[in-house]
Amino acid sequence: MPRRLAVGVGFTGSPEQNRQTIEKIKVAEEVGVEAVFTAETWGRDQFSLLTQIALNTSKIKLGTGIAPVYGRSPAVLAMTFATLDELSGGRVIIGLGTSGNRVIEHWHGEKFSKPIRRTKEYVEIINMIISGEKLFYDGEIFKLQRGFKLLFEPPRKHIPIYVASISPKSMESLATCADGWMPIYWPKSKYREAKEFISRAAVAAGRPADAVECVAQLTVVINPDIEKAKVQAAGPISWYVTNMGDFYHEMLARNGFAEEVAAMRKAAETSKPMPFGTTPEIMAAMGDRMLDETAVYGDLETVAAGIEERRQLGVDLPVITMPQGTLNEVERILGTLVA
């Protein structure tokens, strides 16, 4: 039986590159990759790509990684997910998150208010709609009192909902209602502690201790040149710590890297990285300990061992970016990682 693994993709290139992505996903399905998650920012929408994937595959699960809880109403998302679940034969995973205030307020034009409460209400409303209930909901944000009901019956009465979260309050909230926790840049030595925290919150809410699984986005770089691999692996975390608001550096500070992230942000004032890149100064401020905790890098065998280590530390479903290269190279890489 294959080891659990998921891949993340986006439609950011040309139409021809998108077709190549579909072919890679078909290879991923053939070797036993469990799920594919699509990203969405301010480019092409993710549901068009998921529809293409659904029509070109038969087994791999299809998820959003993530769909923001702004920009689309919970009803629109429920209808979309239910339709996609019908089209795919019951293979959908709902991945929700808040995104950040810059994107939400300056792209979607909505106020970034009460993100944790909003996410919880989205989960509850979507669950009600998918289940076929009449929609009566008296929330803090949403007041839905006319009893509308979905006009078709989806193949499942419940579609799993995973929530992206890296703060204690949002983790505690998702434990009460979600099926999965989707962290990113989470230090590997802190997975067990986080899962125990979520488990306690789930039990306190009257749910099973194992109600929520860990579906973690991992930074993975496959490159036998270790120095180049380190620079590539440091790029995403450097960018998020220094340029993507407060959530990420605050999370890492709480988890034992306060000195490192403070030094990285200081270094970025005079050596600003390119998008999703780093600089020697920022890398020096980060140090190897933080990089090794938040990324997996090296040759294929080293990466395979690093992903397996994270499985043993509490990651139920690791999610990696779709590997680059030819279809044969993708088959070799993914086949090794699920073997």
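Residues numbered from 1 in each chain as written. Predicted model: local features only at pLDDT ≥ 70, side-chain atom pairs only at ≥ 80, totals over all residues. Heavy atoms only, no water.

**What to know about the pairing of strand β3 (residues 61-64)**
Then step 1. Inspection of the sheet shows strand β2 (residues 35-38) paired to β3 by 4 bridges, in the parallel sense. Each bridged residue has a counterpart across the sheet, and for T38 the counterpart in β3 is T64.
Then step 2. The parallel pair β2 and β3, bridged by helix α2 (residues 46-56), forms a crossover whose chirality is right-handed.
Then step 3. For β3 and strand β5 (residues 92-97), the ladder comprises 2 bridges, and the chain directions are parallel. What sits directly across from L62, in β5, is V92. (Pairing = 2+ DSSP bridges. Helix = DSSP H or I, 4+ residues; strand = E, 2+ residues; numbered from the N terminus. Right-handed = clockwise from strand over helix to strand, strands pointing away.)

**Regarding the domain arrangement of the protein chain**
Then step 1. When its domains are assigned, the protein chain resolves into domain 1 (6-222 + 295-338) and domain 2 (224-294).
Then step 2. Taking only C-alpha atoms into account, the centre of domain 1 sits 25 Å from that of domain 2.
Then step 3. Between domain 1 and domain 2, the contact holds 21 residues from the first and 22 residues from the second.
Then step 4. Interface area for domain 1 against domain 2, summed over the two sides, is near 2,000 Å², with a carbon-plus-sulfur share of 64%.
Then step 5. Together, I166, Y185 and Y297 form the three largest contributors to the area buried by domain 1 at its contact with domain 2, with a combined 37%.
Then step 6. Counting every contact that joins domain 1 to domain 2 gives 0 salt bridges.
Then step 7. On inspection of domain 1 and its partner domain 2, the count reaches 7 residue pairs in polar contact (both at pLDDT 80 or more).
Then step 8. When contributions to the side of domain 1 that touches domain 2 are tallied by element, the ones reaching two or more residues are β11 (219-222) and β12 (295-298).
Then step 9. Split by residue class, the side of domain 1 that touches domain 2 holds 11 nonpolar, 5 polar and 5 charged. (Domains from an automatic or database assignment. Contact = heavy atoms within 4.5 Å. Buried area = accessible area lost by both parts, 1.4 Å probe. Salt bridge = Lys/Arg side-chain N within 4 Å of Asp/Glu carboxyl O. Polar contact = N/O pair within 3.5 Å; in protein donor to acceptor, adjacent residues only side chain to side chain. Nonpolar A, V, L, I, M, F, W, Y, C, P; charged D, E, K, R; others polar.)

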